[in-house]
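Summary of structural features
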Amino acid sequence: MKKRTYTDHSIASSDITPEHIFLNRRGLIKASAGTIAGALATPGLIKASAGTIAGALATPSIALGEARAQSALSFSADSDRSLVDEQTPYEAVTTYNNFYEFGTDKSDPARHAHAMTTDPWTVKVGGLVDQPGLLHLEDVLSGFDLEERIYRFRCVEAWSMVVPWVGFPLAELLRRFEPKSEGKFVEFKTLYRRGEMRGTRSFTSIIDWPYREGLRMDEAMHPLTLVAVGLYGKTLPNQNGAPLRLVVPWKYGFKSIKSIVEINVTAEQPQTSWQMLQPSEYGFYANVNPEVDHPRWSQRFERKLPSSIFKPNRVPTLPFNGYEEQVAGLYQGMDLRKFY
Ligand code: MTE
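Numbering of residues starts from 1 in each chain and follows the order in which that chain's sequence is written. Local features in this predicted model are restricted to residues of pLDDT 70 or higher, and side-chain atom pairs are both shown and tallied only at a pLDDT of 80 or more, whereas totals for entire chains, interfaces and linings draw on every residue. Computation of side-chain values covers all heavy atoms of the structure but excludes hydrogens and water.

Concerning the overall build of the chain
- Across its full length, the chain carries 10 helices and 13 strands.
- Burial status follows relative accessibility: with a 1.4 Å probe on protein chains alone, a residue under 20% of its type maximum counts as buried, one over 50% as exposed, and anything between as partly exposed. Counting across all 340 residues of the chain, residues that qualify as buried make up 56%.
- A sequence separation of at least 24 residues applies to 72% of the contacts in the chain between residues at least 6 apart. Runs of E in the DSSP output that reach at least two residues are strands. Runs of H or I that reach at least four are helices, and both are numbered from the N terminus. Contact criterion: two residues are considered in contact whenever any of their non-hydrogen atoms come within 4.5 Å of each other.

Okay, here's the thing in structure tokens:
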């Protein structure tokens, strides 16, 4: 993959990014010669390897079992795959969320997700792979080249954002575990910890926990499919799926599963939370498609956040959320009304 050092996009990040984050990010990027892998600098946990320099940003040591404080990440920019578009303010990205483990109201995750412990964190990778194993978050942060990807993000509920994620292609992670040729799908699971997730204890809880998602193998290996570890240059806030989540920009947001603890390569199409809940409304593919309405509302338009009754910010929805050129080929010959 072509890597670039950070150069100015035509959008001025300083216009839309809180200044302290912006300055911090520029400082880090300048400090790095060429492309460096970013790391959350927890003393003693950085494993610097030849050719990979862990970007060091001192945070006080974190006791096991405490939520990680947010830290700046260092990364390169992927200007080939990033949008030159107005980004949604940090405030909106981190306070208007769907994370049902913490409640169903958009403000619940920002209010309650701090209860989730994200340190230590491991992801178990198994199923049809030749090298099953555990991936520790520290290895993720020091072992993959992080890049910024500015993506459109379209929720099935017809609102959208533009988010500057920091992460790396899922394909790179999967390759390390060597999927077998019989592996046709990839299944993902979120952490399920009742004690820390008040939404899972609620009598209104409708999901069969843990939250589950899945992709076809070619979708999972597509270069746009990202494992995000940060946004706006910093580690992910808990409400956005700390410490690592999926981002699949051409699909409705529910495919972008948060706080992942398990990944399995499977031969059969895996069960997914929203499809299990209401298969007539939420399909496995969930490609953004203005031509196929949700049974209860149109998908032709979306509310680009932030929006209000005075400024609805209603814009037409694009096929595959604007990524048609890159991904339509994956679905050649398929009836997208049937495979919604
Ligand atoms: N992942 C988990 N584990 N639980 C959830 O409730 N909600 C999904 C997706 N991933 C969800 C999840 C939905 S419906 C959307 S739209 C996006 O997360 C929202 O991501 P955001 O809050 O970062 O905007």
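There is more to say after this.
A few points about the site of the ligand
- For each residue, the test is whether any non-hydrogen atom lies within 4 Å of the molecule or strand; if one does, the residue is near. Not every one of the 17 residues close to the ligand is listed here, only the nearest: Asn97, Tyr100, Glu101, Arg245 and Lys258.
- Polar contacts, as counted here, are pairs of nitrogen or oxygen atoms within 3.5 Å of one another; within protein the pair requires one atom able to donate a hydrogen and one able to accept it, and residues that are adjacent in sequence qualify only if both atoms are side-chain atoms. A distance of 2.8 Å separates a nitrogen atom of the ligand from a polar side-chain atom of Glu101.
- One of the side-chain nitrogen or oxygen atoms of Lys258 is found 2.6 Å away from an oxygen atom of the ligand.
- All accessible-area figures derive from a Shrake-Rupley calculation using a 1.4 Å probe, and residue coverage is judged against the displayed protein chains alone. Taking 530 Å² as the accessible area of the ligand by itself, protein coverage stands at 98%.

Topic: the environment of Val129
- In this structure, Val129 sits in the loop between strand E2 (122-127) and strand E3 (133-136).
- Since its relative accessible area comes to 5%, Val129 is described here as buried.
- Between the alpha carbons of Val129 and Gly183 there is a distance of 7.7 Å; along the sequence they are 54 residues apart.
- In contact with Val129, other than residues within four places in its own chain, are Phe177, Glu178, Pro179, Lys180 and Val265.

Some points on the packing of aromatic side chains
- Two aromatic rings from Phe, Tyr or Trp, using only the six-membered ring of Trp, form a pair when their centres are within 6.5 Å; if the ring planes differ by under 30 degrees the pair is stacked, by over 60 it is edge-to-face, and anything between is tilted. In the structure shown here, the tally under the stated rule is 15 aromatic pairs.
- Ring centres of Tyr100 and Trp274 lie 5.3 Å apart, and the angle between their planes is 90°; this geometry places the pair in the edge-to-face category. Here Trp274 lies in helix H9 (residues 273-277) and Tyr100 lies in the loop between helix H3 (90-95) and helix H4 (108-112), a separation of 174 residues in the sequence.
- Residue classification places Tyr100 among the buried residues on the basis of a relative accessible area of 17%.
- Charge-over-ring placement is defined geometrically: NZ (Lys) or CZ (Arg) within 6 Å of the ring centre, and within 35 degrees of the ring normal. Directly above the aromatic system of Phe144 lies the positively charged group of Arg176, at a separation of 3.8 Å from the ring centroid.

A word on the pairing of strand E12 (residues 301-304)
- Two strands form a pair only when DSSP identifies at least two bridges running between them. By the bridge criterion, 2 bridges tie strand E5 (residues 159-169) to E12 in an arrangement that is parallel. Note on E12: the bridge partner recorded for Trp159 is Arg303.
- The pairing of E12 with strand E13 (residues 314-316) spans 3 bridges and is classified as antiparallel. When the bridges of E13 are listed, Glu302 appears paired with Val315.

Some points on the sheet that holds E3
- Strand order in this open sheet of 5 strands is E3-E2-E11-E6-E7, and the pairing throughout is mixed. Either end of the sheet is taken by a strand with one partner, and the two such strands are E3 and strand E7 (212-216). Mean inter-strand twist for the sheet, computed between neighbouring axes without regard to direction, equals 20°.
- In this sheet, strand E11 (residues 260-266) lies alongside E2 in parallel orientation, the contact comprising 4 bridges. Every axis corresponds to a line fitted to the C-alpha atoms, with the helix fit spanning only the stretch in contact, and the corresponding angles, defined between N-to-C directions, vary from 0 to 180 degrees.

Re the pattern of salt bridges
- Whenever a carboxyl oxygen of Asp or Glu lies within 4 Å of a side-chain nitrogen of Lys or Arg, that contact is scored as a salt bridge. Evaluated as defined, the whole model comprises 15 salt bridges.
- Residue Asp218 pairs with Arg216 through a salt bridge whose shortest N-O separation is 2.8 Å.
- The closest approach of N and O atoms between Glu219 and Lys251, which form a salt bridge, is 2.8 Å. Note that Glu219 is positioned in helix H8 (residues 217-220) and Lys251 in the loop between strand E10 (245-247) and E11, a separation of 32 residues in sequence. Of the two residues, Glu219 and Lys251, neither departs from the other in class, the shared state being buried.

What about helix H6 (residues 170-177)?
- For H6, every residue scored as buried is listed here: Leu170, Ala171, Leu173, Leu174 and Phe177. In an axial view of H6, the angular spread of the buried residues amounts to 160°, which keeps them on one side of the axis.
- Immediately downstream of H6, the backbone of Glu178 shows phi near 55°, a positive value. Here, the arc refers to the directions that run from the helix axis to the C-beta atoms.

Observations concerning the pairing of E5
- For E5, the tally of buried residues reaches 11 of 11 residues, placing the bulk of the element in the interior.
- In the sheet, strand E4 (residues 147-154) pairs with E5 via 8 bridges, with the strands oriented antiparallel. In the strand pairing of E5, Tyr151 is matched with Val163.
- Here E5 pairs with strand E8 (residues 226-231) via 5 bridges, running antiparallel. In the sheet register, Gly167 faces E8, and the bridge partner there is Ala228.

Overview of the confidence of the model for the chain
- Per-residue confidence from the predictor is given as pLDDT, running between 0 and 100. Chain-level pLDDT for the chain is 85 on average; 81% of the residues reach the 70-or-more range.
- Confidence drops under pLDDT 50 across residues 1-64; counting only partners more than four residues distant or on other chains, this segment forms 105 contacts.

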